[in-house]
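Per-entry structural report
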Amino acid sequence: MPLPLLLPALVGLAFLLLPLLALLVRAPWRGLPNLLTSTAVWQALQLSLVCATAATGVSLVLGVPLAWLLARTDFPGRGFVRALVTLPLVLPPVVGGVALLLALGRNGVVGQWLDAWFGITLPFTTAGVVVAEAFVAMPFLVISVEGTLRAADPRYEEAAATLGASRFTAFRRVTLPLIAPGIAAGAVLAWARALGEFGATITFAGNFPGRTQTMPLAVYLALQSDPDAAIALSLVLLVVSIAVLAGLRDRWMTGAS
Amino acid sequence: MTRSARRTRRTGRMLQVAGVGAAAVLALSACSSDSDSSTKSGSTAKSDKLSGTVTVFAAASLKESFTTLGKDFEKAHPGTKVTFNFGGSDTLAAGITGGAPADVFAAASPKTMAIVTDKSDAAGTPATFVRNQLEIATLPGNPDKVASLEDLTKSGLKVVLCDRTVPCGAAAQKALDASSLKLTPVSYEQDVKSALTKVELKEADAAVVYRTDVNAAGDKVEGVEFPESAKAINDYPIVLLKDAPNAAAAKEFIALVRSPEGQKVLTSAGFLQP
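Contact with chain B, which involves 21 residues of that partner, is made by 20 residues of chain A. Carbon and sulfur atoms make up 53% of the area that chain B and chain A hide from each other, which totals about 1800 Å². The interface formed by chain B and chain A holds one salt bridge in total. In this structure, the salt-bridge partner of A:R106 is B:D205, at a minimum N-O distance of 2.8 Å. Only α4 (89-97) and β7 (187-189) of chain B provide two or more residues apiece to the side of chain B that touches chain A. Each residue belonging to the side of chain B that touches chain A can be placed in one class, and the counts come to eight nonpolar, five polar and eight charged.

Residue and element names in this part refer to chain B. Reading across the sheet, the five strands line up as β7-β6-β8-β5-β9 and stay open at both edges, with mixed pairing between neighbours. Every interior strand has two partners, whereas the edge strands, β7 and β9 (222-224), have only one. Going across the sheet, the axis of each strand differs from the next one's by a mean of 35°, ignoring polarity. Relative to strand β8 (residues 206-210), strand β6 (residues 159-162) runs parallel, the two sharing two bridges. From the neighbouring strand, V159 faces β8, where its bridge partner is A206. Across the sheet, helix α6 (residues 167-178) touches β5 (134-138), β6 and β8, and the angle it forms with β6 is around 115°. The strands touched by helix α7 (residues 192-200) are β5, β6, β7 and β8; relative to β8, the strand with the most contacts, the crossing angle is about 145°.

Moving on, we come to the packing of aromatic side chains. If you walk through the whole model with that rule in mind, you get 13 aromatic pairs over all chains. Judged by centre distance (5.7 Å) and plane angle (85°), the ring pair of B:F66 and B:F253 falls under edge-to-face. Taken together, the positions of B:F66 in helix α3 (residues 63-76) and B:F253 in helix α9 (residues 247-258) put the pair 187 residues apart, joining distant regions of the chain. Per residue, the accessibility class of B:F66 equals that of B:F253, and both read buried. Arranged with centres 5.0 Å apart and planes meeting at 20°, the rings of B:F84 and B:F86 form a pair that is stacked. Take B:F86: its relative accessible area is 23%, and that puts it in the partly exposed class. Looking at A:R211, its charged tip hangs above the ring of A:F208, at a distance of 4.4 Å from the centre.

Here the focus is the sheet that holds strand β10 (residues 234-241) of chain B. Residues and elements named next belong to chain B. Strand order in this open sheet of five strands is β2-β1-β3-β10-β4, and the pairing throughout is mixed. The open sheet has two edge strands with one neighbour each: β2 (80-87) and β4 (122-132). Taken pair by pair, the neighbouring strands of this sheet meet at an average axis angle of 20°, ignoring direction. Alignment of β4 against β10, held across seven bridges, turns out to be antiparallel. Following the sheet pairing, R131 is matched in β10 by D235. Lying over the sheet, α3 contacts β1 (52-59), β2, β3 (104-106), β4 and β10, oriented at roughly 170° with respect to β2.

Residue and element names in this part refer to chain B. Structurally, S89 is set in helix α4. As a C-alpha pair, S89 and L183 span 94 residues in sequence and 24 Å in three-dimensional space. Residues within four places of S89 in sequence aside, it is in contact with A59, F105, A107, A108, T112 and P167.

Our next topic: the environment of A:V81. Residues and elements named next belong to chain A. Here V81 is to be found in helix α4 (residues 78-90). The class of V81 is partly exposed, set by a relative accessible area of 28%. Aside from chain neighbours lying at most four places away, what touches V81 is L70 and F75.

For helix α3 (residues 39-72) of chain A, built from 34 residues, the straight-helix expectation of 50 Å at 1.5 Å per residue is met to within 8% by its first-to-last C-alpha distance of 48 Å. At A:G63, α3(A) shows its maximal kink, close to 35°; a proline, A:P65, follows between one and four residues later.

The next subject is the confidence of the model for chain A. When pLDDT is averaged along chain A, the result is 89, and 97% of the positions lie at 70 or above. Looking over chain A, one finds the lowest element-wise mean pLDDT in helix α12 (residues 227-256) of chain A, namely 76, and the highest in helix α7 (residues 126-151) of chain A, namely 95.

On to unusual backbone geometry. Although it is not a glycine, A:F124 adopts a positive phi angle of roughly 70°. Its location among the elements puts A:F124 in the loop between α6 (111-118) and α7. The buried category is assigned to A:F124, whose relative accessible area is 2%. Backbone geometry at B:N142 places phi at a positive 45°, although glycine is not the residue there. Tracing the backbone shows B:N142 in the loop between β5 and β6.

Attention shifts here to the state of the cysteines. Residue and element names in this part refer to chain B. Scanning the model with the defined rule gives one disulfide over all chains in all. Disulfide partner of C162: C168, at an S-S distance of 1.9 Å. With the S-S bond torsion at -110°, the cross-link from C162 to C168 turns out left-handed. Each member of the pair C162 and C168 is classed as buried.

About the criteria used
- Numbers given for residues are sequential positions, taken from 1 along each chain in its written order.
- Here every chain gets a letter starting at A, and every ligand a number starting at 1, in the order they are written.
- In view of the model being predicted, local features appear only for residues whose pLDDT reaches at least 70, and side-chain atom pairs are presented and counted only at 80 or more, with totals across whole chains, interfaces and linings using the full set of residues.
- Water and hydrogen atoms were dropped before computing side-chain values, which therefore reflect all heavy atoms in the structure.
- It only takes one pair of heavy atoms within 4.5 Å for two residues to be counted as in contact.
- Note: buried area is the sum, over both parts, of the accessible area (probe 1.4 Å) each one loses when the two are combined.
- Within this document, salt bridges are pairs made up of a side-chain nitrogen of Lys or Arg and a carboxyl oxygen of Asp or Glu, the two lying within 4 Å of each other.
- Secondary structure counts use DSSP, requiring at least four H or I residues in a row for a helix and at least two E residues in a row for a strand, with both numbered from the N terminus.
- By the convention adopted, Pro, Cys, Tyr, Trp, Phe, Met, Ile, Leu, Val and Ala count as nonpolar, Lys, Arg, Asp and Glu as charged, and the other residues, Gly among them, as polar.
- Two strands are counted as paired when DSSP detects at least two bridges linking them.
- As a rule, the C-alpha atoms of each element are fitted with a line to give its axis, helices using only the stretch in contact, and angles between N-to-C directions run from 0 to 180 degrees.
- The aromatic pairing rule takes the rings of Phe, Tyr and Trp, using the six-membered ring of Trp, and pairs them if the centres are within 6.5 Å, calling planes under 30 degrees apart stacked, those over 60 edge-to-face and the rest tilted.
- Partly exposed describes any residue whose relative accessible area lies between the buried limit of under 20% and the exposed limit of over 50%, with all areas from a 1.4 Å probe on protein chains only and scaled to the type maximum.
- Whether a charge sits over a ring depends on NZ of Lys or CZ of Arg being within 6 Å of the ring centre and within 35 degrees of the ring normal.
- Working rule for helices: expected span equals 1.5 Å times residues minus one.
- One axis fitted to the seven residues ending at a residue, another fitted to the seven starting there: the angle between these axes is the bend at that residue.
- Residue-level confidence of the predictor, termed pLDDT, takes values from 0 up to 100.
- Counting rule for disulfides: a pair of cysteine sulfur atoms within 2.5 Å.

This is the structure we're talking about:
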């Protein structure tokens, strides 16, 4: 490898790995068992896992059909809709949180009717956390599934149709199994993104231990009073992230390619 | 034309002088001991004209009054610029101890100031420049008829508090403890402004914030004073930072904050004099 490439490559590698190494170096290993077994940490971790999984569920139910719409149908302005779907990917999460407040808050454009008709208010609730996480994470799933759908040969669906299957049956029995690895990869990505969600969650759902305080929020607030606890919590998220990546690689990434 | 040319040349020379001065201050603060560099840069402050950017890390509750003071400072010292980083005092303190290039730190509590002084990142002793009292912020017109701190414990009322790790949260907790009230909020917000915002957006019915924040919000919220707030008054300390990139101008800014004119801006925002 030529030196002009190798050097920046190594610097780049060091740049990406150094902060993570620092986390390991500065981790309060001795106090770790105590820090990680406190109820506050378990509450936050549990809530994080539950909410990220629920957000992934929401993303699957709404996102797979949306991906199908974008990949398999033709309608005017499809490119524009596709761009809009990817917007939350690049939108700063805090902006997403503000937008959610204005839309679904108690006084929001839609939220005021939710409150008046059904007595449902989303801010400051666990459901609000799920909404915030799904808003940020669903595009990952949609993009991933859409890509897989485009790569999948539509002739299988046409063949199913000539054999008398309805379009929905063809989708269910032929397309879904065909793109299952892509859906799985997208779901894991969405789940990981939801797990790490901070900005939209703290803006839209607030911060209350056991109800809306997920791990990233706990890390942020712990850093203000107890840096050791923040490092310990960060380690947990780091381990989970590595596990997700390892899982993706072994089961789905290589399987899908 | 000649006049303008002469002026350009003069300003060019002035810039040169300022550049040399800044370089000298930088070199001094980089290689000499702390006390030495602070006295040296102090002496340059008197002989040289102030210039450059003053970076002030200030508690979120100081936003409005410090922005005004910053403009006043820039007007009084042409060529200077005051930039602010407003946020939760703890976050700011963590940034400073982490090496953020700041000149001045104004915290909303002695406890958060101590984070910086404990790491000996401050030059000199912090001075209390104002005090702040809590107030309840309710929706305009006070539809829930909140008249006391105890009213906030009514069920069905969505109350937002600051997190206990930030000064406004610590003060609110102190006031609640002093009156042995137990209050379960819907959220512990990360700083006083985000607590207030939740009321401004009508997502929460009430928040315990500073009187100054209620003032600054104008008619978007209604303030309710409560006697227990007297038991939880926050002192606001200000200090020059040890590694201040622009110590000379920073000192002048602190002087302005503590001057009668500065105090007038602060008290009109609702702060109490120390």
